Amino acid sequence: MSNTPQIRPVTGARYSRIHGVGGYRPIRVIPNAEVLTWIDSSDEWIRTRSGIAERRWAGPDESVTEMSVQAAGKAIAQAGIDPARIGGVIVATVSHLKQTPAVATEIAERLGCGTAPAFDISAACAGFGYGLGLADGMVRGGTAEYVLVIGVERLSDLTDTSDRSTAFIFGDGAGAAIVGPSDTPGIGKLVWGSDGSQKDVISQTEAWDTAFAKEDAVNGAGEGIKWPALRMEGQTVFRWAVWEMAKVAQQALDAAGITADQLGAFIPHQANMRITDAMIKALKLPASVPVARDITETGNTSAASIPLAMERMLESGEARSGDLALIIGFGAGLVYAAAVVTLP
Ligand SMILES: CC(C)(COP(=O)(O)OP(=O)(O)OC[C@H]1O[C@@H](n2cnc3c(N)ncnc32)[C@H](O)[C@@H]1OP(=O)(O)O)[C@@H](O)C(=O)NCCC(=O)NCCS
């Protein structure tokens with residue numbers, strides 16, 4: 001018999017669920033009419049091609065940290081827990097412009113989460129789903145009692161207002177959820193993945209180092225720096241989302257043992273209303289299942305879009321606490337994440 005000492009087994013919660021959700025929407029509304037002062041387009045084109053009527057853009061005081069603290073405060077209040085019990089803070093974002101340190105540590109400190117591990121993840125529009133999967137694992141794995149997952153973006157900082165194909169799409173905001181122990185399964189198996197062969201389909205125009213190197217080269221010529229922005233091959237993303245993501249959504253339903261007609265809500269990433277409609281068709285979602293259509297007033301807020309849409313559906317009474325919701329995020333990477341969850 002070996003004398004090797006055995007590591008004490010770790011025990012976590014049997015199941016996890018979302019205990020609370022909260023959002024923050026910036027004060028400044030940018031209607032399509034304002035976008036039309038930047039690009040050659042029309043209100044009708046933007047509405048029919050994307051479903052967007054207006055979006056919110058953050059002001060100077062609405063930083064990534066500030067929006068996150070506001071959204072998280074609401075989620076914590078709904079969960080009814082002391083922030084000191086939060087044993088992990090995960091912030092999903094692609095638009096926090098200061099790379100080090102992770103913005104999550106400051107947010108954890110502001111919220112009173114003690115010495116909770118806090119870190120940022122970069123998974124674009126699948127960021128909230130990725131964070132939810134990690135939180136579920138932490139709660140069930142016994143390394144945290146409660147985990148705060150935040151999806152937050154200031155995409156206006158990375159929007160080229162002269163680019164016709166993206167200027168009308170992006171918005172700012174924050175959404176947060178508290179994940180914690182549960183007596184019954186509240187988060188189904190996460191179906192997630194990536195396809196790096198399509199890394200250039202949605203990306204920042206330039207890395208910061210090459211942008212700054214050019215700045216050095218033109219310094220003195222008075223040309224200044226061209227700030228990197230987000231670019232995307234709209235049609236390629238559209239086709240991928242419609243064909244591949246409907247399959248991923250179905251896999252999440254199958255993994256959870258749930259049929260579409262048992263859902264109380266469908267909350268896809270708010271990328272484009274036509275993508276949502278195509279997914280509804282592919283999933284044969286009954287007309288009785290309420291669908292998140294937050295994109296109309298919010299635009300595409302990447303990692304923040306699912307929790308913001310979830311909060312709106314619960315606040316408006318379109319969906320109810322305890323209902324099952326299918327969530328799916330997808331975007332730059334390309335990356336995706338889908339799961340069936342019980343609404344808080
Ligand atoms: C961006 C998107 C709305 C563009 O719609 P689209 O139908 O693919 O548009 P296209 O780029 O094919 O352009 C179609 C026509 O509209 C024109 N057009 C493009 N942008 C326009 C604009 N802002 N206003 C008016 N016309 C525009 C094009 O010039 C083209 O005209 P043409 O037919 O005369 O050549 C759409 O591709 C999309 O939503 N893709 C997915 C985006 C997404 O989900 N991104 C986030 C993933 S996280």
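Because the structure is a prediction, the values reported are computed rather than measured.

Reading the values: the criteria
Residues numbered from 1 in each chain as written. Predicted model: local features only at pLDDT ≥ 70, side-chain atom pairs only at ≥ 80, totals over all residues. Heavy atoms only, no water. Helix = DSSP H or I, 4+ residues; strand = E, 2+ residues; numbered from the N terminus. Expected span 1.5 Å × (residues − 1). Buried < 20%, exposed > 50% of the residue type's maximum accessible area, 1.4 Å probe, protein only. Axes fitted to C-alpha atoms, helices over the stretch in contact; angles between N-to-C directions. Parallel < 35°, antiparallel > 145°, perpendicular 65-115°, else oblique. Left-handed = near helix turned anticlockwise from the far one by under 90°. Contact = heavy atoms within 4.5 Å. Nonpolar A, V, L, I, M, F, W, Y, C, P; charged D, E, K, R; others polar. Pairing = 2+ DSSP bridges. Phe/Tyr/Trp six-rings, centres within 6.5 Å; stacked < 30°, edge-to-face > 60°. Near = heavy atom within 4 Å. Polar contact = N/O pair within 3.5 Å; in protein donor to acceptor, adjacent residues only side chain to side chain. Areas by Shrake-Rupley, 256 points an atom, 1.4 Å probe, with all protein chains shown as cover. Core = buried A, V, L, I, M, F, W, Y, C linked by side-chain atoms within 4.5 Å.

A. The arrangement of helix α5 (residues 127–141) in detail. For α5, which comprises 15 residues, the first-to-last C-alpha distance of 21 Å matches the rise-based estimate of 21 Å (1.5 Å per residue) to within 8%. Buried residues dominate α5, accounting for eleven of its 15 residues. Where α5 ends, the next residue or the one after it, Gly142, has phi of about 85°, a positive value.

B. Representation of the packing of helix α3 (residues 64–79) against helix α4 (residues 103–111). Here α3 crosses α4 at 50°, and the two axes come no closer than 10 Å. One way to sum up the angle between α3 and α4 is to call them oblique. As α3 runs across α4, the sense of the crossing is right-handed. Residues Val64, Thr65, Glu66, Ser68, Val69, Ala72, Gly73 and Ile76 of α3 pack against Val103, Glu106, Ile107, Arg110 and Leu111 of α4. Each residue belonging to the contact of α3 with α4 can be placed in one class, and the counts come to seven nonpolar, three polar and three charged.

C. Here's a closer look at the sheet that holds strand β8 (residues 191–194). The strand order across the open sheet formed by four strands is β8-β13-β12-β11, and the pairing between neighbours is mixed. With one partner strand each, in any of the chains shown, β8 and β11 (265–268) form the two edges of the open sheet. When the angles between neighbouring strand axes are averaged without regard to direction, this sheet yields 10°. Note: β8 against strand β13 (residues 335–342), four bridges, orientation antiparallel. Looking across to β13, one finds that Gly193 is bridged to Tyr336. Contacts between helix α7 (residues 234–256) and the sheet are confined to β8, β12 (324–331) and β13, with β13 contributing the most and set at about 35° to the helix. Each of β11 and β12 is contacted by helix α8 (residues 273–282), which is oriented at about 135° to β11, the strand it contacts most.

D. Seen up close, the packing of aromatic side chains. All chains considered together, the criterion is met by five aromatic pairs. Relative to Phe168, the ring of Trp45 has its centre 5.5 Å away and its plane inclined at 90°; by these criteria the two rings are edge-to-face. With Trp45 in helix α2 (residues 43–50) and Phe168 in the loop between β6 (146–154) and β7 (172–182), this pair connects stretches of sequence that are 123 residues apart. Centre to centre, the rings of Trp240 and Phe330 are 6.3 Å apart; their planes meet at 75°, and the pair counts as edge-to-face. Here Phe330 lies in strand β12 and Trp240 lies in helix α7, a separation of 90 residues in the sequence.

E. Inspection of the site of the ligand at higher detail. The environment of the ligand is formed by 24 residues, the closest being Ser41, Arg49, Arg164, Gln235 and Asn272. Measuring from an oxygen atom of the ligand, one finds a side-chain N or O atom of Trp45 at 3.4 Å. The side chain of Asn272 places a nitrogen or oxygen atom 2.5 Å from an oxygen atom of the ligand. If the ligand stood free it would expose 950 Å²; the protein chains cover 72% of that surface. Only α2, α7, α8 and β12 provide two or more residues apiece to the shell around the ligand. Of the residues that constitute the shell around the ligand, the class distribution is twelve nonpolar, eight polar and four charged.

F. Here's a closer look at the pairing of β6. When you tally the buried positions in β6, you get nine out of nine residues, the bulk of the element. Residue alternation in β6 divides its side chains into two sets, Tyr146, Leu148, Ile150, Val152 and Arg154 and Val147, Val149, Gly151 and Glu153, and both sets are buried. Bridge count between strand β4 (residues 86–92) and β6: five bridges; the pairing is parallel. Residue Ala92 lies in a different strand from β6, and its bridge partner there is Gly151.

G. View of the side chain of Gln198. Following the sequence through the fold, Gln198 ends up in the loop between β8 and β9 (202–204). Not counting residues up to four positions away in its chain, the partners in contact with Gln198 are Thr236, Trp240, Gly333 and Leu334.

H. The nonpolar core, seen in detail. Within the largest apolar cluster, 38 residues are counted, with the highest numbers of intra-cluster contacts made by Leu132, Val147, Ile267, Met310, Ile327, Val341 and Leu343. The leading source of residues in this core is α5, at six residues. For Leu132, the residues in contact, after removing those within four places along its chain, are Ile18, Val149, Val179, Ile187, Ile327 and Val341. Residues Ile202, Leu253, Phe266 and Val340 belong to the second largest nonpolar core, which totals 31 residues.

I. Representation of the sheet that holds strand β1 (residues 15–24) within the structure. Taken in spatial order, the five strands line up as β1-β7-β6-β4-β5 in an open sheet, and their pairing is mixed. The open sheet has two edge strands, β1 and β5 (118–121), and neither has a second partner. This sheet shows a mean twist of 20° between the axes of neighbouring strands, independent of strand direction. The sheet strands contacting α5 are β1, β4, β5, β6 and β7, and the helix crosses β4 at an angle near 165°.

J. Focus on the environment of Lys247. Residue position: Lys247 is located in helix α7. Judged by its relative accessible area of 47%, Lys247 falls in the partly exposed class. Through-space distance from the C-alpha of Lys247 to that of Lys226 is 39 Å; in sequence the pair is 21 residues apart.

In short, shape yes, function no, at least from these values alone.
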